[in-house]
Amino acid sequence: MGKMLTPAQIADFERDGYLFPLRAFSAAEARGYRDALEAYEAETGDAIHSNMRHKVHLLFRWADEIVHHPRILDTVADILGPDLLCWTTNFFIKEAEDPAFVSWHQDSTYWGLEPSDVVTAWVAFTDAPVESGAMKFLPGSHRLDQIAHRDTYAAENLLTRGQEIEMEVDEAQAVDVPLKAGEFSLHHIRLVHGSEPNTTPDRRIGLAIRYIPTYVRQVKIDDSATLVRGRDRHDNFEHEPRPAADLDPAALAAHTAAIQRMLGTVYSGTEVTEARR
Ligand code: NI
């Protein structure tokens, strides 16, 4: 019996490769996080994008608070065990009536993490109904091996390389993953998933948090991560500092260093020098 998950839920995750909906915090708290993000966007005059939409927990106190949220960590610990690192965070934002989409893919494709004990907690800052371009999961596909992907760099594709899986996906088998503000879903690093454009009149905002147990290794580079729970007896990752204040010089420096490492993993073998979109 886990702290948050029942044995049946843990068995579901093992069989299907995902679990939802789970509640992290109230809709009002989710609104508070959305307001914090949008205050930053109002200051810069633009939606958060490019390098700044990744590893945001190194930049903002409120994002650091979310990756350390006890309810999220207790849930992830039920699957990955008590010693946890946050490897990265990525905003997936679809503006109102936005053609942006996510092609079918496995997260494991460019990440360089081994073994595949990696779980994403996708946290909804807004309601994310099916029409807003909610995620779609292919149940049980996490038990497939790594499948080849082709890079498209398609303009409206939210993925780092616009990568898509070289496999025919039977849409009839896919499961829609609608969430309410403050809820989250969990998915396994090999689960095949994607999403459609947002056809609603509001933004759809989600923060994907990638958690790994401390025994996972990065095989591409010397990488860094944030210890969020328990002890690290493996030292496979340099530990990142938590932000003392939003966007303070130390936080910005730590973020810049971490993003350089990210470019060395997800964009390795390419000419890309800045995160797309
Ligand atoms: Ni993904």
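Residues numbered from 1 in each chain as written. Predicted model: local features only at pLDDT ≥ 70, side-chain atom pairs only at ≥ 80, totals over all residues. Heavy atoms only, no water.

> I tried to follow the side chain of arginine 261 on my own but got confused; where do I start?
Residue position: arginine 261 is located in helix α5 (residues 249–266). Separated by 2.9 Å, the side chains of arginine 261 and serine 224 make a polar contact. Apart from the residues lying within four places of it in its own chain, the contact partners of arginine 261 are Ile221, Asp222, Asp223, Ser224 and Glu238. (Helix = DSSP H or I, 4+ residues; strand = E, 2+ residues; numbered from the N terminus. Polar contact = N/O pair within 3.5 Å; in protein donor to acceptor, adjacent residues only side chain to side chain. Contact = heavy atoms within 4.5 Å.)

> Just checking my understanding: could you explain the sheet that holds strand β9 (residues 175–177) for this structure?
Strand pairing in a sheet relies on backbone hydrogen bonds, with the paired strands running either antiparallel or parallel. One open sheet holds the four strands; their spatial order is β3-β11-β6-β9, and the pairing between them is antiparallel. Sheet topology places β3 (102–105) and β9 at the edges, where each strand pairs with a single neighbour. When the angles between neighbouring strand axes are averaged without regard to direction, this sheet yields 25°. Bridge count for β3 against strand β11 (residues 193–195) is two bridges, and the pairing is antiparallel. Counted as the bridge partner of histidine 105 is histidine 193 from β11. (Pairing = 2+ DSSP bridges. Axes fitted to C-alpha atoms, helices over the stretch in contact; angles between N-to-C directions.)

> Looking at this structure, I do not really get the coordination of the nickel ion. What am I missing?
Reference geometry at the metal: tetrahedral coordination by four donors gives ideal angles of 109.5 degrees; octahedral coordination by six donors gives 90 or 180 degrees. For the nickel ion, the full set of protein donor atoms is His105 (NE2), Asp107 (OD) and His193 (NE2), and the range of their distances to it is 2.0 to 2.1 Å. Written as a sequence motif, the donor arrangement for the nickel ion is H-x1-D-x85-H. Of this pair, aspartate 107 sits in the loop between β3 and β4 (113–114) while histidine 193 sits in strand β11; the two residues are 86 residues apart in sequence, bridging distant segments of the chain. By relative accessible area, histidine 193 is classed as buried at 4%. (Donors = N, O, S within 2.8 Å, 3.2 Å for Na, K, Ca; no water. Buried < 20%, exposed > 50% of the residue type's maximum accessible area, 1.4 Å probe, protein only.)

> Quick question: what am I supposed to make of empty space enclosed by the protein here?
A probe matching the size of a water molecule, rolled over the atoms, marks out where space remains unfilled. In total, this model carries one cavity of 30 Å³ or more according to the counting rule given. Size it by volume and the largest cavity reaches roughly 310 Å³. For the largest cavity, the lining is made up of 24 residues, of which Phe92, Asp107, Trp111, Leu159 and Arg210 are closest to its centre. Of all the elements in the fold, those that place two or more residues in the lining of the largest cavity are β2 (84–94), β3, β11, β12 (204–213) and α5. Classifying every residue of the lining of the largest cavity gives ten nonpolar, nine polar and five charged. (1 Å grid on protein atoms, 1.4 Å probe; cavity = no way out; pocket = protein on both sides within 12 Å on 5 of 7 lines; lining within 4 Å. Points joined across faces, edges and corners; volume = space filled by probe spheres on them. Nonpolar A, V, L, I, M, F, W, Y, C, P; charged D, E, K, R; others polar.)

> What am I meant to see in the side chain of histidine 142 here?
Here histidine 142 lies in the loop between β6 (135–137) and β7 (149–151). Here glutamate 14 takes part through its backbone oxygen, which lies 2.8 Å from a polar atom of the side chain of histidine 142. Discounting chain neighbours no more than four positions away, the residues touching histidine 142 are Phe13, Glu14, Arg15, Asp16, Gly17, His188, Arg190 and Leu191.

> I'm lost on the nonpolar core in this one. Help?
Inside soluble globular proteins, nonpolar side chains tend to come together where they are buried. By size, the foremost hydrophobic cluster in this structure holds 40 residues, and its most contacted members are Trp62, Ile66, Ile72, Phe91, Leu186, Ile209 and Tyr211. If you tally residues by element for this core, the top one is helix α4 (residues 70–80), at five residues. Not counting residues up to four positions away in its chain, the partners in contact with leucine 186 are Phe13, Gly17, Tyr18, Leu19, Leu22, Thr75, Val76, Ile79, Val119, Thr120, Ala121 and Phe137. Among the nonpolar cores identified, the runner-up in size contains 16 residues, and Leu113, Ile259, Met262 and Tyr267 belong to it. (Core = buried A, V, L, I, M, F, W, Y, C linked by side-chain atoms within 4.5 Å.)

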